[in-house]
Every structure is written in structure tokens, then in C-alpha cells.
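# Fold and contact review
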Amino acid sequence: MPKYIFVTGGVVSSVGKGIVAASVGRILQARGYKVTAIKIDPYLNVDSGTMNPYAHGEVFVTDDGGETDLDIGWYERFLDITLSKRNNITTGQVYLEVITKERRGDYLGKCVQIVPHITDEIKRRIRLVAEGNDVDIAIVEIGGTAGDIEGQPFLEAARQMRLEEGFENTLFIHVALVPILKATEEFKTKALQHSVNELRRIGIQPDAIVARCEKPIDRATRSKIALFGTLPESAVFCSYDVEYVYEVPLILEEQGMGVFITGRLNLSWRQPKLKEWSDIVTSMKNAKEEVRIAVCGKYTKLTDSYVSVREALIHAAAYAGAKAIIDWIDVEEFELNPERVNMLSRYDGILVPGGFGQRGVEGKINAIKYSRENGIPFLGICFGMQLSVVEYARNVCGLEDANSTEVSANTPHPVIDLLPEQRNLENLGGTMRLGGFEILIKPGTLAHKLYNSSIIRQRHRHRYEVNPAYWDILTRAGMIFSGMSEDGRRVEIIELPNHPYFIATQYHAEFISRPGKPEAAYLGFIRAALKRRKNLESYNKSKYVSISMG
Ligand code: GLN
């Protein structure tokens, strides 16, 4: 029988509740327990696929084709497991199911209500994931903060689960912000106290509290939280700011969280094995070299829009013994003033990530052209791959005004066009080419060298593809299609010869990157970037020597 750990939030959202949930999972996994994690998003969207990443952060794609919340990505990275779309539960899914059942007549004669029908459906979904995966512990993170209208049915379902599963099989962890008042350097716990009260009002007494704070809280603050939260001090933890989020399991373990949770859930005592994890964290923190990467995208003000890309760069850099210094470049700058693209010369690598729509496209194309012509290591992801094809068609194949039909419906050269099965779609939600598919890699290519395999599996999220009508023109002009879908009908990887590193993929390689296990295309990119950096350094040195000698 699985045990359930519910993680709730207080005071404000986006304080790293997902990281705490993932860290708790890691701590338990380190003791040999089988863990899964579920994210509950109380919004009415069925999934996050139709939401703007600028407002909500990245859409994380699961192997089974779910468009999920970015916290699912944190769980996968921290726990090194592959989750399903079922691990992300939304209000939209729950209501859709209940209303569909009602229309079918499943509840004939009954008045359909939030309690019990909605709460039953929530519990059914949580248990389905936990029992279906045969885990020892399921961590259930409830999005938003205690007191949100949308979150109420989920908290109510969690409260009921305590009654149904029993005290020893359920645990509530409340994560809340503790701000520090600048003027007096005081830790302020009042807001946290209020959010604990909010939970109690609906019948949940937290078993543990994690104070999310800039700095480690002091003893007095800890006892105050314990007193007002009706907890022993040993149940109060602090998640303070760290350089890399991967440190959080280590700092929580150090504070005794593993011992506390296993004791409270009556799990047998086991020595945690966190050595490998802490070695990875050390490799990130102690890396001597630096590698400067420009990510040329659109949603650059909220770096959470590209969280998996950022983390994949961090994993690859750490593995190669370097720190990734990532600058988020708003490509619209290169549109207003194309000269500005020259600023990219100071970077060791240029990455153009996935995206949608017309805005910023010409800026991205300028950035791609710059990296191609100046031999700067380049990695293109999804839209970044499609625009690399557009750039090549225009500037190498001489196809004037070539474009993707997503950007210009009437382009004379639609080198990127809708996937055939995408024509005449009625619904835009959940209908892209989604999730994991096999890719065949051509021997003798850079891709083959990177992956050291003829077949890989990667995750997708797109509607457009390289138009087969242009395959011939592109390849005759030197572009190499080094990866194809299994049926040979889709281009998955393109690369250019006579360039230090120019590779672009239709898939999102970042989704399968893990700390300590970087993804091959990202690792190759970082290694090429490091090489460029070293060459530049020795070039600059020789320049300096010759100047000073002159
Ligand atoms: N907009 C492009 C498509 O739909 C690329 C999508 C993406 O980058 N995820 O095919």
C-alpha cells in the first residue's frame, strides 16, 4: 500500500514548492524507497498546452505525450524517472471526467456535487498513479496556495485521504515564504502563521513546515514557527537560497528531514545514499571553467519559460567541468537593428530554442545566420531547427523569401509546412505531434558520433516539419539530414559539415537531460563551445603578445 505525502503552499506561489516536493522524493529514494510524484494544478485548463509560457512557464512534455506543468520536469530531473501525463492532475481533467459521466447517465437519479463526486474523482486519479506504479510513496504537490478558491476541492480530497488511508500513511508538508525585513533584518513569520491557519480551517494540520527563506532561519524563528504551527521544532525545516536547486535535498537531509519523514510514516530506518548526488552538486559548484551561451528566444523575461533548456545546459556544462553562463537574448532586438547581431561574437555557443508564431522570427534567423557564417557552435531546438532550414534555404539555396507556413502562409517556398495529419484539425488543445518517438540516426554523421547509436528516443511537440518537397534542394546544397523518424517520412536532425558544431533537432532533447546524465546533443554543443573558448583565449593571448612585442 502506498503512502502519501501532500505538499501544500502558503503566502505566495512560485517559491519552489516543486523543488521541495522533488527533494523530499530524492531523500526517500536515497533510502531505497520507490517514489513517484504528482502535480495538481487547480486551473480549469485540461493541460498546460494552451497556456502562454511567458505567463505560466514552460510546457513540459512527458514521454507519453502529455503537455504538463514544469514541476513534472523537476520531478523527472530529481528522481531520474519517466513520468506519465497522468502525474499532472488539473481541475479541467477532473471536471471533464465527472461531467462526461453525468451526461452518459452514470449518476442517474443523483445530484452531482463537489463532495463527493469531484473529490472522489480527485482521489481516484491520485491513487491510480500511486497504485499503478506500485510505489512505496507518492508525493502529491497541490499547486497554488492555501486559501485559493480553486484549490479547495483538492485540499478537501487530501483531508479525506488522511481518514481513508490512516495517519501513518499520510503526511502533510506545508511550504511557505518567510520574508526578511530589510530594515531590521528580521525573519517575519506572520504570513506563514496565517496560511497554516487557513489549512486548519479546512481540517488539515500540517505535520511539517518548510520555511522558504533567503537565508537559513535562526533558532528563535524556528521555535516561533513550531509554536504557532503546533509542531515540534524537529518538524520545522528551512529551504534557503542556493546556487543550484539540486542542493535542496542535501540541505533538507542535513536538517533531519529524512529521519523525520521515515519516522512519522513508520518506515524502517535505512542509511541514505546521497553520495552520488552530492558529487554531482559539487561538480556544478566547483567547476573551474566558464562557458558563455546565448539563448536567442522570445520569452526571455521569464527564464522559467525555458527551464528545461537552462537545466540541460547546466547538466552538460557541469559534466564537461564548466559553469554555464547563460544570457537570455531577446531576438526582437536583432529585428529592429540587424547590426546588433554582432554582439553574439562574444559567446561560445548560440542556442535557438522552440517557439511559436511570427513575432521574433526574423531575429532568430539573423542569429542562426550569424552562427553559421561565423563558425560559432549552434544548437537549434524544434522551431530553432525549422528556422535553421529556412535560413539555409534563403541564404544558401537561394530560395528567396523561403519560410515556414506557420509564419507566412503565402511564402513562395514553404520549406517548413504543416504535418499532413495536422490539416483540418478542429481542436488546438493536445493535438500536436506529442511525446516520445524513435529516431533513426545515419552512420557517419555528427549525430551518430554524439549518440553513438543508430536509434534513439526523444520527445516532441510540434505541428510543422521540413517539407519533403524541399529535401532534395536542401541536401544537394550540403545540409545533412542525420536523423529521421522511424518511418523515414520526417526529418528529425539536421547538421552542417564544415562547421565546428551546427546541429538542430525537431525534438526537444532538453526534456530527457538529467544532472549527471547530460543529453548528448547538449553535451556536444557545450564541448564545442568550450573548444571555441579555449581557441579564442589562445588567440587573444597571441594577439596580446604580438602587440606588446610590437
Ligand atoms: N511552431 C513549431 C511547430 O509547431 C515549433 C514548435 C516548437 O518549437 N515546440 O512545429
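First things first, this report covers the structure right here in the doc. (Residues numbered from 1 in each chain as written. Predicted model: local features only at pLDDT ≥ 70, side-chain atom pairs only at ≥ 80, totals over all residues. Heavy atoms only, no water.)

### Here we look at empty space enclosed by the protein
For the structure shown, the criterion picks out two cavities of 30 Å³ or more. For the largest cavity, the calculated volume is near 60 Å³. Around the largest cavity, the lining residues are Gly355, Phe356, Cys382, Phe383, Gln386, Glu406, Arg461, His462, Arg463 and Tyr464. Contributions of two or more residues to the lining of the largest cavity are made by helix 15 (383–395) and strand 19 (455–462). Of the residues assigned to the lining of the largest cavity, the class counts are four nonpolar, three polar and three charged. Taken as a whole, the second largest cavity holds about 50 Å³ of empty space. Lining the second largest cavity are Thr8, Gly9, Ile142, Gly143, Gly144, Thr145, Ala146, Gly151 and Leu155. The residue inventory of the lining of the second largest cavity, partitioned by class, reads three nonpolar, six polar and no charged. (1 Å grid on protein atoms, 1.4 Å probe; cavity = no way out; pocket = protein on both sides within 12 Å on 5 of 7 lines; lining within 4 Å. Points joined across faces, edges and corners; volume = space filled by probe spheres on them. Helix = DSSP H or I, 4+ residues; strand = E, 2+ residues; numbered from the N terminus. Nonpolar A, V, L, I, M, F, W, Y, C, P; charged D, E, K, R; others polar.)

### A look at helix 5 (residues 114–132)
Taking 1.5 Å per residue as the helical rise, helix 5 with its 19 residues ought to reach 27 Å, and the 25 Å between its terminal C-alpha atoms agrees with that figure. All buried positions along helix 5 are accounted for by His117, Ile118, Thr119, Glu121, Ile122, Lys123, Arg125, Ile126, Arg127, Val129 and Ala130. Those residues of helix 5 that are buried are in contact with strand 1 (3–10), strand 2 (35–41), strand 5 (88–90), helix 4 (91–104), strand 6 (137–142) and helix 6 (152–165). At the C-terminal side of helix 5, Asp134 shows a positive phi close to 55 degrees. (Expected span 1.5 Å × (residues − 1). Buried < 20%, exposed > 50% of the residue type's maximum accessible area, 1.4 Å probe, protein only. Contact = heavy atoms within 4.5 Å.)

### Regarding the layout of surface pockets
By volume, the largest pocket amounts to about 1000 Å³. For the lining of the largest pocket, the secondary structure elements donating two or more residues are helix 1 (17–29), strand 2, helix 2 (53–56), helix 3 (70–79), strand 11 (236–240) and helix 12 (307–319). By residue number, the principal contributor to the lining of the largest pocket is helix 1, which donates four residues. The residue makeup of the lining of the largest pocket, split by class, is 16 nonpolar, nine polar and 14 charged. As a volume, the second largest pocket reaches approximately 480 Å³. Pro53, Val59, Gly355, Phe356 and Arg461 are, among the 28 residues lining the second largest pocket, the residues nearest its centre. Counted by class, the lining of the second largest pocket contains 13 nonpolar, ten polar and five charged residues.

That's the geometry; what it means functionally is another story.
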